[in-house]
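Single-letter residue listing:
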Amino acid sequence: MRLILVDRSDEIRRNFFPLALSRPLWQLRCGITTLEEKLAAKLVPRSLEGIGADDAAYFVPDYMADAYRARAKYPVNDMSALAGDDLMLVDPLVKAEDLRIRAEGKSEVGLDEQGRVFYARIVKNDLKKLVANSIEDFVASAKLRLPNVTCKLRTWEYLWDLVLANADQITSDFAAAGKCGIEGKVEKPGEILGSKTDIFVGSRARVHPMVVIDAENGPVYIDEGAEIQPFSRIEGPCYIGKESILLGAKCRSGNTFGPCCRIGGEVEESIIHGYSNKYHDGFIGHSYIGEWVNLGALTTNSDLKNDYSTVSITLEGQGAINTGSTKVGSFIGDHTKTSIGTLLNTGCYIGAMAIIMATGKPLPKFIPSFAWFVEGVVTKGFGRTGLYETAKVAMSRRGREWTAAEQAMWDAIFQMTAPARDEAIKRGRKAMFR
Amino acid sequence: MATVEERVKAITARVLGLELDEIKSEHSFTQDLGAESVQSIELVAMFEEEFGIEMDEDAALAVETVGGAVEFITQVCRQQGVELEE
């Protein structure tokens, strides 16, 4: 059985910008694991790590295929992966807890009343019935030629859904991981509140003295090689990724930090992908932050409006969308950097590869990708070259390489996001000339 | 209509807070006129608006002197079909 993940719909992907600009949807984090890891755990009896008879294949937008191929374990946009084995094609946005499909059985396509395909189980012998010119034709022919089953599965609709569900997902992922206890080092004096069965400290992880781990309201998972420096307080549910460092952080409940993050100040109910830094004081709450982001000292976001009304967010290429939630923070794309003292408005969207120079006032709620926000307006700034140079330096400091494929992907993202940016630059020019 | 040089100098004076007669063609924006990086960004934006042109950021920011800016802008205006006072 081969797991096939498909992420090719621009219309759906836009709801997960700015994070989805530079990664397939299944690479989004929620709880302890990515969406892919959750789906894979539901579908195949063995972990995808130990390939055996089980493997996977990915179909992503063409512009990111080369860059993703370099970091993916399985074939990317390779039509030959649709032959030679039974297939289980899954919509990466289906909530894993709703997915109760048997890997074995006859071919069937599960779809909703509008015809959105949630999954397609295709036995090897039926593959010859299907059109394999493109993944889109393949799925369309499966829908047409294989038995259809109408089903209701919940899906992730917007990026903020992941933030709002993060605390619960950490709790369920902790239970699924089945790990507890201390494999690393927890130094005294310190305090552990709650049951020790709700705490896991991975190997090589080090919890310094004067740290409080509070698992009374949810589990705390500190992954391999992480370091918790003195005067940090960690409230569960919480996941601290491999090799991440907490620097005297007030880590409120519901946080997920990816690998190699540096986290200080106060963070609440937020997801931060790997290699990002929020080193200093300042509050971040109910936010989703990409990779290689640097938040300058005292960068702070609002996650609640003064009138307690629901928060709207403007997504790139879309108008304002009411999240229906009163607690929503900021959404920040990969490689974006904020200056010291940046103030982020409630429901603030900052695209990828943006540079923010604070003005002392809260930022506008929408700043497009590749924008240089200077003197209170969006400008062209020093353009792409300067941003790429900074990205190269940031990545090399952590032993990662900026590849030609990566640059080609970012060039494509630059073009894709040009309309919103050009519009913002025009508005900025008007303000500049006033 | 003023010449390209006059218009470039007028904008430079406005953005950098200088008197017109303090600005010479051979002056470097950063070394002689004290332009900070933020002001360089502003200068590029103002030149684009003034002349109604689109400049490549990397090429524009590589220009070092006032005279260099006049030359560069003249060239871009010609490429983009913008009429100029000689």
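The shown structure was predicted, so the numbers you read here are calculated from the model rather than taken from an experiment.

K.L.:
Explanation requested: the overall build of chain B in the structure shown.
P.N.:
Scanning chain B from terminus to terminus reveals four helices and zero strands. Starting at the N terminus and walking to the C terminus, you meet the elements of chain B as α-α-α-α. In terms of C-alpha radius of gyration, chain B reaches 12 Å, essentially the compact-globule figure of 12 Å for 86 residues. Looking at chain B as a whole, 44% of its 86 residues are labelled buried. Pairs at least 24 apart in sequence give 57% of the contacts found in chain B among residues at least 6 apart. In the form shown here, chain B has an accessible surface area of approximately 4600 Å², with 43% of it arising from carbon and sulfur atoms.

K.L.:
Explain the interface of chain B and chain A here, please?
P.N.:
Many structure descriptions define interface size as the accessible area lost when the parts assemble. Of the residues lining the interface, 14 residues belong to chain B; the matching set on chain A comes to 13 residues. When the buried area of chain B at its contact with chain A is split by residue, Val38, Ile41 and Glu57 of chain B rank highest and sum to 38% of it. Taken together, the links from chain B to chain A amount to four salt bridges. For lysine 380 of chain A, the salt bridge is made with glutamate 54 of chain B, and the minimal N-O distance between the two is 3.1 Å. If you look at where chain B meets chain A, you find six residue pairs in polar contact (both at pLDDT 80 or more). When residues of the side of chain B that touches chain A are traced back to their parent elements, those giving at least two are α2 (37-51) and α3 (57-62) of chain B. Broken down by element, the residue count for the side of chain B that touches chain A peaks at eight residues, all from α2 of chain B. Of the residues belonging to the side of chain B that touches chain A, the class tally is six nonpolar, one polar and seven charged.

K.L.:
How should I be thinking about the pairing of strand β19 (residues 245-251) of chain A in this particular structure?
P.N.:
For a regular strand, the rule is simple: side chains alternate between the two faces of the sheet. Residues and elements named next belong to chain A. Within β19, five of the seven residues are buried, which leaves the element mostly enclosed by the surrounding structure. As judged from the two bridges shared by strand β16 (residues 227-228) and β19, these two strands associate in the parallel manner. Each bridged residue has a counterpart across the sheet, and for glutamate 227 the counterpart in β19 is isoleucine 245. For strand β17 (residues 233-235) and β19, the ladder comprises two bridges, and the chain directions are parallel. Its bridge partner being in β19, isoleucine 234 is matched across the sheet by cysteine 251. Where β19 and strand β21 (residues 262-268) come together, five bridges link them in parallel fashion. Pairing of leucine 247 across the sheet is with glycine 264, part of β21.

K.L.:
Help me understand the domain arrangement of chain A, please; the structure alone is not making it clear to me.
P.N.:
All names here are of chain A. Looking at chain A, the domain boundaries give domain 1 (2-157) and domain 2 (160-433). Inter-centroid distance (C-alpha atoms) of domain 1 to domain 2 is 28 Å. Between domain 1 and domain 2, the residue contacts involve 25 residues of the former and 40 residues of the latter. Note on domain 1 versus domain 2: buried area summed over both sides is about 2600 Å², and carbon and sulfur give 66% of it. If you look at where domain 1 meets domain 2, you find three salt bridges. A salt bridge links arginine 23 to aspartate 334, with the shortest nitrogen-to-oxygen separation between them at 3.1 Å. Linking domain 1 with domain 2 are 12 residue pairs in polar contact (both at pLDDT 80 or more). When residues of the side of domain 1 that touches domain 2 are traced back to their parent elements, those giving at least two are β2 (29-30), α2 (35-43) and α3 (62-71). For the side of domain 1 that touches domain 2, the element with the highest residue contribution is α3, accounting for five residues. Here the residues of the side of domain 1 that touches domain 2 sort into 12 nonpolar, five polar and eight charged.

K.L.:
How do you make sense of the pattern of salt bridges when you look at a structure like this?
P.N.:
A side chain of one charge can pair with a side chain of the opposite charge when the charged atoms of the two come close. All names here are of chain A. Tallied over the entire structure, the rule returns 28 salt bridges over all chains. In this structure, aspartate 55 engages arginine 2 in a salt bridge whose closest nitrogen and oxygen atoms are separated by 2.9 Å. Here aspartate 55 is found in strand β4 (residues 55-59), whereas its partner arginine 2 is found in strand β1 (residues 2-6), with 53 residues between them in sequence. Across the pair, arginine 2 and aspartate 55 agree in class, each one buried. For arginine 154, the salt bridge identified is with glutamate 97, shortest N-O distance 3.5 Å. Taken together, the residues arginine 154 in the loop between β8 (148-150) and α5 (159-177) and glutamate 97 in the loop between β5 (87-90) and β6 (108-111) connect sequence positions 57 residues apart. Classification of arginine 154 by relative accessible area gives partly exposed; the value is 43%.

K.L.:
Which parts of the structure should I look at to understand the environment of glutamate 269 of chain A?
P.N.:
Secondary-structure assignment places glutamate 269 of chain A in the loop between β21 and β22 (271-272). Not counting the four nearest positions on each side in its chain, glutamate 269 of chain A is found in contact with Val163, Ser253, Gly254, Asn255, His286 and Ser287 of chain A.

Here is what the cut-offs are and how they apply
- Residues numbered from 1 in each chain as written.
- Chains lettered and ligands numbered in written order.
- Predicted model: local features only at pLDDT ≥ 70, side-chain atom pairs only at ≥ 80, totals over all residues.
- Heavy atoms only, no water.
- Helix = DSSP H or I, 4+ residues; strand = E, 2+ residues; numbered from the N terminus.
- Rg over C-alpha atoms; globule rule 2.2 N^0.38 Å.
- Buried < 20%, exposed > 50% of the residue type's maximum accessible area, 1.4 Å probe, protein only.
- Contact = heavy atoms within 4.5 Å.
- Areas by Shrake-Rupley, 256 points an atom, 1.4 Å probe, with all protein chains shown as cover.
- Buried area = accessible area lost by both parts, 1.4 Å probe.
- Salt bridge = Lys/Arg side-chain N within 4 Å of Asp/Glu carboxyl O.
- Polar contact = N/O pair within 3.5 Å; in protein donor to acceptor, adjacent residues only side chain to side chain.
- Nonpolar A, V, L, I, M, F, W, Y, C, P; charged D, E, K, R; others polar.
- Pairing = 2+ DSSP bridges.
- Domains from an automatic or database assignment.

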